[in-house]
Amino acid sequence: MKIEICDLKDLNLYLTKFVKELRDELIIYKLNGEIFVKSSICPHFGGEIYFCKNKKKLRCKWHDWTYCPKTGKCETYNIKTNVRNYKVSTYPKDLKNYDFFIENNKLYLNNDFT
Ligand code: FES
């Protein structure tokens, strides 16, 4: 089974789509001609991720954390302090990646996500 996500002619800057089978909302975008598909739900607190064209970053609308548009790795850590230091990590801190393929100018997800 393959899941059709979008027609590439509809992909301008980016688009988001909820995929029931994944129980996840995806963000699909182009960067330097390459297409990427990731979860659009911020792992911090579930905010909405969007693609910022000017900075070429994925950003969260809620607390403005940024994510690498290629790897989905979190690039922001909003703790700036000169008091006691603790080693801190967030979990999970990277956006979920999805494998996809293009057929007849339409983008599909691979079905190996189950
Ligand atoms: S919910 Fe995304 S940065 Fe907080």
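Structure: see above.
**Observations concerning unusual backbone geometry**
Thought 1: Within the chain, Asp 64 stands out as a residue other than glycine whose phi angle is a positive 65 degrees.
Thought 2: Overall, Asp 64 belongs to the exposed group, with 11 C-beta atoms counted inside 10 Å.

**A word on the pairing of strand β2 (residues 14-19)**
Thought 1: Pairing of β2 with strand β3 (residues 24-31) involves 6 bridges; the strand directions are antiparallel. Pairing of Lys 17 across the sheet is with Leu 26, part of β3.
Thought 2: Linkage of β2 to β3, two consecutive antiparallel strands, is achieved through a turn of 4 residues, within which Arg 23 is found at a positive phi near 55 degrees.

**A short note on the pairing of strand β9 (residues 106-109)**
Thought 1: Residue alternation in β9 divides its side chains into a buried set, Leu 107 and Leu 109, and an unburied set, Lys 106 and Tyr 108.
Thought 2: Bridge analysis of strand β1 (residues 3-7) against β9 gives 4 bridges, and the strand direction is antiparallel. Across the sheet, the residue bridging to Asp 7 is Lys 106, located in β9.
Thought 3: Here strand β8 (residues 100-103) runs beside β9; their pairing, made up of 4 bridges, is antiparallel. Bridge pairing in β9 places Phe 100 opposite Leu 109.

Scoring rules and cut-offs
Residues numbered from 1 in each chain as written. Predicted model: local features only at pLDDT ≥ 70, side-chain atom pairs only at ≥ 80, totals over all residues. Buried ≥ 20, exposed ≤ 12 C-beta atoms within 10 Å, placed from the backbone. Pairing = 2+ DSSP bridges. Helix = DSSP H or I, 4+ residues; strand = E, 2+ residues; numbered from the N terminus.

By themselves, these figures tell us nothing about what the structure is for.
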